[in-house]
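Single-letter residue listing:
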Amino acid sequence: MTEYLTVADGTLAYEVTGTTGPLIVLAHGMGDSRAAYRFLVPQLVAAGYRVANTDLRGCGESTAVWPSYTRTDIAGDLLALVRHLGGPAVLVGHSISGGAVTVAAAQAPELVTALVELTPFTRKQAVSLGSLRSSRFRRGMRHLVLMGVLGSANQWRKYLEVAYPGARPADWTQRLEQMDAELAEPGRMKALQKMGTTAATDAGAALPDVRCPVLVVQGTLDPDWASPQAEGEAILAELPDGIGRLTMIEGAGHYPHAQFPDEVAAAVLPFLESVGA
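These remarks concern the structure in this document. (Residues numbered from 1 in each chain as written. Predicted model: local features only at pLDDT ≥ 70, side-chain atom pairs only at ≥ 80, totals over all residues. Heavy atoms only, no water.)

### Looking at the pairing of strand β4 (residues 50–54)
Judged by how many residues are buried, β4 sits mostly within the fold: five of five residues are covered. The side-chain alternation of β4 yields two buried faces, one formed by Arg50, Ala52 and Thr54 and the other by Val51 and Asn53. Direction of pairing for strand β2 (residues 10–17) relative to β4: antiparallel, over a ladder of four bridges. Each bridged residue has a counterpart across the sheet, and for Val16 the counterpart in β4 is Ala52. Note that strand β3 (residues 23–27) and β4 share five bridges and pair parallel. Paired with Leu26 across the two strands is Asn53, which belongs to β4. The β-α-β motif built from β3, the intervening helix α1 (residues 41–46) and the parallel element β4 has right-handed crossover chirality. (Buried < 20%, exposed > 50% of the residue type's maximum accessible area, 1.4 Å probe, protein only. Helix = DSSP H or I, 4+ residues; strand = E, 2+ residues; numbered from the N terminus. Pairing = 2+ DSSP bridges. Right-handed = clockwise from strand over helix to strand, strands pointing away.)

### What to know about helix α4 (residues 135–150)
For α4, built from 16 residues, the straight-helix expectation of 22 Å at 1.5 Å per residue is met to within 8% by its first-to-last C-alpha distance of 22 Å. Considered for burial, the residues of α4 that qualify are Phe137, Gly140, His143 and Met147. Buried residues of α4, viewed axially, fall in a sector of 140 degrees; they line one side. For α4, exposure combined with an orientation more than 90 degrees from the buried face picks out Val149 and Leu150. Buried residues belonging to α4 abut α5 (153–163) and α7 (188–196). At the C-terminal side of α4, Gly151 shows a positive phi close to 60 degrees. (Expected span 1.5 Å × (residues − 1). Arc of directions from axis to C-beta. Contact = heavy atoms within 4.5 Å.)

### Details of the sheet that holds strand β5 (residues 89–94)
Ordered in space as β1-β2-β4-β3-β5-β6-β7-β8, the eight strands form an open sheet in which the pairing is mixed. In this open sheet, the two edge strands, each paired with only one partner strand, are β1 (3–7) and β8 (244–249). Within this sheet the neighbouring strands show an average axis-to-axis angle of 20 degrees, counted without direction. In this sheet, strand β7 (residues 214–219) lies alongside strand β6 (residues 112–118) in parallel orientation, the contact comprising four bridges. Of the residues in β7, the one forming a bridge with Val116 is Leu215. Along the sheet face, helix α3 (residues 96–107) touches β3, β5 and β6 and points at about 150 degrees away from the line of β5. In the packing of helix α11 (residues 261–274) onto the sheet, contacts are made with β3, β5, β6, β7 and β8, and the angle to β6 comes to roughly 160 degrees. (Axes fitted to C-alpha atoms, helices over the stretch in contact; angles between N-to-C directions.)

### What to know about the layout of surface pockets
Gaps left between atoms show up when a probe the size of a water molecule is rolled over them. A volume near 820 Å³ is recorded for the largest pocket. The wall of the largest pocket is formed by 38 residues, among which Phe121, Gln125, Met141, Leu144 and Gly196 lie closest to the centre. Residue assignment for the lining of the largest pocket shows that the elements contributing at least two residues are α4, α5, α7 and α9 (228–238). It is α4 that provides the largest number of residues to the lining of the largest pocket, a total of seven residues. (1 Å grid on protein atoms, 1.4 Å probe; cavity = no way out; pocket = protein on both sides within 12 Å on 5 of 7 lines; lining within 4 Å. Points joined across faces, edges and corners; volume = space filled by probe spheres on them.)

Next up, the structure:
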């Protein structure tokens, strides 16, 4: 059942599954909704967690138009939800939200017990000539740039075709249609465009101030980096020594939790158990 939380500049939609156990808050990536975690939520609940799955500002059933869409903004929303539900919580963030959960953990360490960053945009990105040698990277970037400039749902679809290499969810066609319908709502495409232009400077700066355990999950075929493993290792290098771990999901693109939910759960659940979260 959808519930709503009003914060300073709008209303966040979320859904809580499970009634007992440690709290996990899930935050999806840009251009998506909480449906991104449709395969992972049941596994987390079955493992004994209470799971709050939220739509980001501008996405899903949350208010469409907000003053800004930075990682720090999203972090504030997530912390408000944790306080509302009675934290502390494990924060799971995908893509832009990977950066957001980093900011949240640095800002309010008493509310965050652990982080899981799924293919996260946590560090400030720079395109190198070496990156451009990767055809997968070039294709993904081309569609993202055209989506941002043109506000094109078609270009976003083309990006997703690259971002989901190989295996795709059984409901792939239906989910694409749902995303098209969501992006056609007033304000949703603008939110996607604005998220796509926010720099990760705030999240990168927060990495040294994180104190809780962190699991970074990267797909080996993620088109957003020429070397997803190198990006994951770079995130760990900027965290305090010893708190970060990296797991690579073979064959996954930018959405491992939708492509390979069993493999992601097999990485996340032992991590949370090992850190007592």
